[in-house]
Amino acid sequence: KVFCSSEQYEERRYFNPQKLRDVRYEKLPFCMRVLLESTIRKCDGFYIKTDDVSSILDWQKQQNQAEVAFSPARVLLQDFTGIPAMVDLAAMRDALAKQGVDPNLVNPRCPTDLIVDHSLQIDYSKCAIQSPPSPMDESHGATTRSPAGRPSPRGSSSSGSHCSGQRPGHRGGCSKVSCSDAPSGRSAAVQIENTPLLCPFHLQPVSEPETMIRNQEMELIRNKERLQFFKWCSKAFKNINVVPPDINTVHQLNLEYLCQVVQEGEGFIYPDSVVGTDSHTTMINGLGILGWGVGGIESEAVMLGQPVSLTLPQVVGCKLVGTISPLATSIDIVLGITKHLRQAGIGGKFVEFFGPGVQQLSAPDRTTIANMCPEYNATVSFFPVDDITLQHFKHTICSEEKLVVLEDYLKAIKLFRSYSDQSEEPQYSEVIEMNLSSIVPHVSGPKRPQDRVAVTCMKEDFINCLNEKVGFKGFHISKEKQATQVPFLHEGAEYNLAHGSVVIAAVISCTNNCNPSVMLAAGLLAKKAIEAGLKVKPYIRTSLVPGSGIVTHYLNTSGVLPYLRKLGFEVVGYGCATCVGNTAPLPESVVDAIKQGDLVACGVLSGNRHLEGRLCDCVRANYLASPPLVVAYAIAGTVSINLETEPLGVNSEGKDVYLRDIWPSKEEVNHTEENIVIASMFKELRSRMEKGSSFWNSLESAESALFPWDPKSTYIRCPSFFNKLSKEACTPQSIEGAYPLLFLGDKVTTDHISPAGSIARVSAAAKYLQSKRLTPREFNSYGARRGNDAVMTRGTFASIKLQNRLIGKTGPRTLHIPSGQTLDVFEAAERYQRDGVPLIILAGKEYGSGSSRDWAAKGPYLMGVRAVIAESFEKIHRNHLVGMGIAPLQFLSGQNADSLELCGKERFTINIPQELTPRQQLVVQTSTGKSFSVTALFENDMDVAFFRHGGILKYVARSLLP
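All of the points below concern the structure found in this document. Just so it is clear, the structure is predicted and the values come from calculations on it, not from any experiment.

The rules behind each value
Residues numbered from 1 in each chain as written. Predicted model: local features only at pLDDT ≥ 70, side-chain atom pairs only at ≥ 80, totals over all residues. Heavy atoms only, no water. Helix = DSSP H or I, 4+ residues; strand = E, 2+ residues; numbered from the N terminus. Buried < 20%, exposed > 50% of the residue type's maximum accessible area, 1.4 Å probe, protein only. Areas by Shrake-Rupley, 256 points an atom, 1.4 Å probe, with all protein chains shown as cover. Pairing = 2+ DSSP bridges. Axes fitted to C-alpha atoms, helices over the stretch in contact; angles between N-to-C directions. Left-handed = near helix turned anticlockwise from the far one by under 90°. Contact = heavy atoms within 4.5 Å. Nonpolar A, V, L, I, M, F, W, Y, C, P; charged D, E, K, R; others polar. Polar contact = N/O pair within 3.5 Å; in protein donor to acceptor, adjacent residues only side chain to side chain. Salt bridge = Lys/Arg side-chain N within 4 Å of Asp/Glu carboxyl O. Core = buried A, V, L, I, M, F, W, Y, C linked by side-chain atoms within 4.5 Å. Phe/Tyr/Trp six-rings, centres within 6.5 Å; stacked < 30°, edge-to-face > 60°. Lys NZ or Arg CZ within 6 Å of the ring centre and 35° of its normal.

1. Let's talk about the overall build of the protein
At step 1: Of the regular secondary structure elements, the protein holds 30 helices and 40 strands.
At step 2: The proportion of buried residues among the 962 residues of the protein is 58%.
At step 3: When the accessible surface of the protein is split by element, carbon and sulfur atoms take 48% of a total near 39,100 Å².

Written out as structure tokens, the structure is:
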């Protein structure tokens, strides 16, 4: 029973692992407890067995050995990987309907979210502010309401609203052409909703920038067929949620809207967990939700009710101790922990954080650390749910009632973390301790981003740079000239410039959008600086360039934007500005003073590029710093300062003010972030999710249970996976007289195998598209055409980097052995299939390594490949081959194609017994009389079943036949 906000108890049913009464449960890492609960709940004796439960309980002895099955609570897809999965389900409906089965029975069995966020391409861009702003009249121009209810300037048409308000540094005229104003020749059928934003200069409503509207227009025109298919999927299938384009990115939606922490379904509550086809899926572990990235076929398998096969991992406990430096930002913390874990060598392992230091990390900090898994090669970085996580959920996804249910349930099954109770400490494979006190704030410079300098050493390092010879860090300024000061006049007042004087200070958020805390810290520091009576010298060229309108929104919502403005950090626009040298010219008096004294003047910015002379040709030293440090150095007016021991300035009373006096505490930043910013952002996201877009809402799609395939479509095509689907699976058949399609070496990656990126004009896929009367400009990418098997099969093995030993040179070609002709790989495969000849692939070590791609298995299958014989396989790709009914066969230890003296032109017969068993040794015979054994890498009975049926798709389809 759990307590509800109505002050009554309401029963919730759940599986409680503690009822096993096994003392090992409370010693398991929290991430392993999530695995165990799922295994207990889903145990059916076939896919998931009681042995899996026993193996997880005995994790300390079974790690890196036992294979277990895991059924996640949901699947997360982005559109590139989602479209082939949904096309397969649509094709399965067709196949079953032909067998007299109700097609409505075909649905994802695991709840699935599909987010359309990978289709946007940049056709239009407005990269920089082309002219510096100039002072204008303070009065604001009045606005009137257009018929559509949107603000438009008095006297203007409602089709192109713009901001007419004036303030210093803003010319007004934040105008944008609507879709109805598209140039002639462009389709006018696409109507794009023009939702007002806040003008960054004086915070009155205006519409999105013209470039955004233009790019969205092109996205919708280019991908209309795909979007209509997704719209049909959203109506035809149960258990799937399609999020239309232009809402948000897949990983942000997963964090901000889709995650549940505790799921409820089929009469039970249970921990949320997810597998996703997006590389950012691991972010979710920062909120106590177990999840990681998988390949397309694995995600399809989970959608169809199959579990993920997982070797029990080692779990490294990362104990965080010590106190974070007050000057360290979230970025410093994340990069510090990432560096520490990278050096620890934890590749392929799970990481779980514990220790008193965890409580100093906000929820956004944790998700950012979890998102860095690929950087330190971990599979998962797990933060169990604790009080900080609950506080975050209070402002985001949870009602008060659900929050109570969540807390009571997690505590009942020992999945809630209390760092004050040392008895809760689980046992880990190993423990790595990190002292957070060792994380100190850094800047990078003065010429290269990789040259990091601790802020406490900045003054000393700058002096060393003056002394060193000209090079990556040195300027070679003689000792007698290092004290040079040059007086100059600016706006009637006299100032002095010296070596290290700051003349450019730019707060840029383009690389800091994932975590608002650093921008908020800059704003809070500006607020305290103004309240302490500090100013920025007027000759310093200051600017504020948010990476997106949402940054301006949360700076304004939190009340810090006026203080930044008062220090001179005006929002100058959106785009690449100071980083690429698009800063306004420095005052002539400043330039003259720099040249007169041959001074090493400085720029400080929070972007990601700062090569010497890039900001301005007379500014030789440039430093990358966090946004609050940019503000601090602007106030100080120099980088030749020790911010710990020297004052930033003097207030009106003549009192020294130090950085520590105005630096916002992490508690202040976290409070503002959680209570104001995040709550506001989540409210807006919920509104957009509920409203959708006008284009999506008005998009027409079929209402039928079967998808109406368009034979003219080059985007969506019914694949041939279910051709000649029989009611019963055939017994395994031996592969007779197969030719090698390819003879490959070591480390053949999925980039070599699977189509990716743009479609080359001379490729087999290009020839196909040209036959459909498309021009190269209309080819789009392989990713966008993953719903068309004709394109994707022609693109398989189309990499220009493919090294095929049959032809002895690099390129997407092979030898058609019977004729002796060298052909495109697809053309050779097509000729073999026409002649009824089965195919195999010979390869070396680590076949299928790299990022997982479903078409790296689907493409070879459609080419007629029946088996791959290699020295070793990447595990996920091996799973994909099995999932498509291709046999992964491994040479015996110590053997390979060279040791067996195979030339690759032989014909191969692989004897497969009718009673095939996991990891059985099979005999391979060649046309030259050689014979050798291989191991069939079917790891369990489920793998064998998939192979017998010709892949998981046919296996599931047959399970629905009467």
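2. What to know about the sheet that holds strand β4 (residues 74-78)
Think of a sheet as strands paired side by side through backbone hydrogen bonds, with each pair either parallel or antiparallel.
At step 1: If you walk across this open sheet you meet the five strands as β10-β5-β4-β13-β14, and the pairing is parallel. Looking along the sheet, the strands with just one partner apiece sit at the ends: β10 (240-243) and β14 (290-293). Here the average twist between neighbouring strands, direction ignored, is 15°.
At step 2: Examined bridge by bridge, β4 and strand β5 (residues 112-115) share four bridges and lie parallel to one another. In the sheet register, Val75 faces β5, and the bridge partner there is Thr112.

3. Quick look at the packing of helix α9 (residues 330-344) against helix α10 (residues 363-371)
At step 1: Where α9 meets α10, the axes come as close as 10 Å, and the angle between the chain directions of the two elements is 35°. Here the hand of the crossing between α9 and α10 comes out right-handed. Contacts between α9 and α10 involve Ser330, Val334 and Ile337 from the former and Asp365, Thr368 and Ile369 from the latter.
At step 2: Partitioning the contact of α9 with α10 into residue classes produces three nonpolar, two polar and one charged.

4. With respect to unusual backbone geometry
At step 1: The step from Gly445 to Pro446 runs through a cis peptide bond, and the omega angle for that step is 10°.
At step 2: Tracing the backbone shows Pro446 in the loop between β20 (442-444) and β21 (452-454).
At step 3: Notably, Phe797 is not glycine yet its phi reads approximately 60°, a positive angle.
At step 4: Among the secondary structure elements, Phe797 is positioned in the loop between α25 (789-795) and β31 (803-804).
At step 5: For Phe797, a relative accessible area of 0% translates into the label buried.

5. Looking at helix α28 (residues 875-883)
At step 1: Judged by how many residues are buried, α28 sits mostly within the fold: seven of nine residues are covered.
At step 2: Burial in α28 covers these residues: His877, Arg878, Asn879, His880, Leu881, Val882 and Gly883.
At step 3: A distance of 2.9 Å separates the backbone nitrogen of Ile876 from a side-chain oxygen at the start of α28, and that oxygen is part of Glu874.
At step 4: Remark: Gly885 follows α28 within two positions and exhibits a positive phi of approximately 85°.

6. Quick word on the pattern of salt bridges
At step 1: Considering all chains together, one arrives at 31 salt bridges under this definition.
At step 2: A salt bridge links Lys875 to Glu67, with the shortest nitrogen-to-oxygen separation between them at 3.6 Å. Highlighted residues: Lys875 in helix α28 and Glu67 in strand β3 (residues 67-70), separated in sequence by 808 residues.
At step 3: A network of salt bridges, in which partner residues are shared, links Asp88, Glu300, Asp854 and Lys858.

7. Describing the nonpolar core
At step 1: Core analysis: the biggest nonpolar cluster contains 213 residues, and Phe229 and Tyr847 have the highest contact counts within it.
At step 2: Top element by residues in this core is helix α4 (residues 79-98). It accounts for 10 residues.
At step 3: Setting aside chain neighbours within four positions, we find Phe229 in contact with Ile83, Met86, Val87, Ala90, Phe707 and Ile716.
At step 4: Among the nonpolar cores identified, the runner-up in size contains 76 residues, and Leu567, Val600, Ala601 and Leu659 belong to it.

8. Quick notes on the sheet that holds strand β30 (residues 735-743)
At step 1: Here we have seven strands rolled up into a closed barrel, ordered β30-β35-β36-β37-β40-β39-β38, and mixed in their pairing. Averaged over neighbouring strand pairs, the angle between their axes works out to 40° when direction is ignored.
At step 2: Where strand β38 (residues 908-911) and strand β39 (residues 921-926) come together, four bridges link them in antiparallel fashion. Paired with Ile910 across the bridge in β39 is Val924.
At step 3: With respect to the sheet, helix α26 (residues 825-834) is in contact with β30 and β35 (839-842), its orientation differing from that of β30 by roughly 170°.

9. Topic: helix α2 (residues 50-57)
At step 1: Inspection of α2 places Asp52, Val53, Ser55, Ile56 and Leu57 among the buried residues, and these make up the whole buried set.
At step 2: In this structure, the buried side of α2 is in contact with α1 (30-42), α3 (59-62) and β3.

10. Digging into the side chain of Gln63
At step 1: Positionally, Gln63 belongs in the loop between α3 and β3.
At step 2: Residue classification places Gln63 among the buried residues on the basis of a relative accessible area of 11%.
At step 3: Of the polar contacts made by the side chain of Gln63, one reaches the backbone oxygen of Gln60; its length is 3.1 Å.
At step 4: Of note is the side chain of Gln63, whose polar atom sits 2.4 Å from the side chain of Ser429.
At step 5: Setting aside its immediate chain neighbours within four residues, Gln63 contacts Leu312, Pro313, Gln314, Val315 and Ser429.

11. Examining the packing of aromatic side chains
At step 1: Tallying each qualifying case throughout the model produces 23 aromatic pairs.
At step 2: Their ring planes at 40° and their centres at 6.4 Å tell us that Phe721 and Trp855 sit as a pair that is tilted. One end of the pair, Phe721, is in the loop between α22 (694-698) and β30; the other, Trp855, is in helix α27 (residues 855-863), with 134 residues separating them in the sequence.
At step 3: Linked through ring pairs, Phe229, Phe230, Trp232, Phe237, Phe707 and Trp709 together constitute an aromatic cluster.
At step 4: If you follow Arg41 out to its NZ or CZ, it ends over the ring of Tyr270, 4.0 Å from the centre.

12. Overview of the pairing of β38
At step 1: Alignment of β30 against β38, held across two bridges, turns out to be antiparallel. Looking across to β38, one finds that Ile735 is bridged to Ile910.

13. As for the environment of Ile716
At step 1: Note that Ile716 resides in the loop between α22 and β30.
At step 2: Residues Ile716 and Gly787 lie 71 residues apart in sequence; the distance between their C-alpha atoms is 4.9 Å.
At step 3: With near-sequence residues (within four places) excluded, Ile716 lies in contact with Ile83, Val87, Glu225, Arg226, Phe229, Phe707, Trp709, Asp710 and Gly787.

14. Quick notes on the environment of Val34
At step 1: Structurally, Val34 is set in helix α1.
At step 2: Owing to a relative accessible area of 5%, Val34 belongs among the buried residues under this scheme.
At step 3: Distance in space between the C-alpha atoms of Val34 and Leu415 is 7.9 Å, their sequence separation being 381 residues.
At step 4: Not counting residues within four places of it along the chain, the set of residues in contact with Val34 comprises Pro271, Leu290, Phe382 and Leu415.

15. Concerning the side chain of Glu425
At step 1: Mapped onto the elements of the fold, Glu425 is located in the loop between α13 (400-412) and β19 (430-435).
At step 2: Within polar-contact distance, the side chain of Glu425 engages the side chain of Arg417 at 3.2 Å.
At step 3: Excluding residues that lie within four positions of it along the chain, Glu425 makes contacts with Lys27, Phe354 and Arg417.

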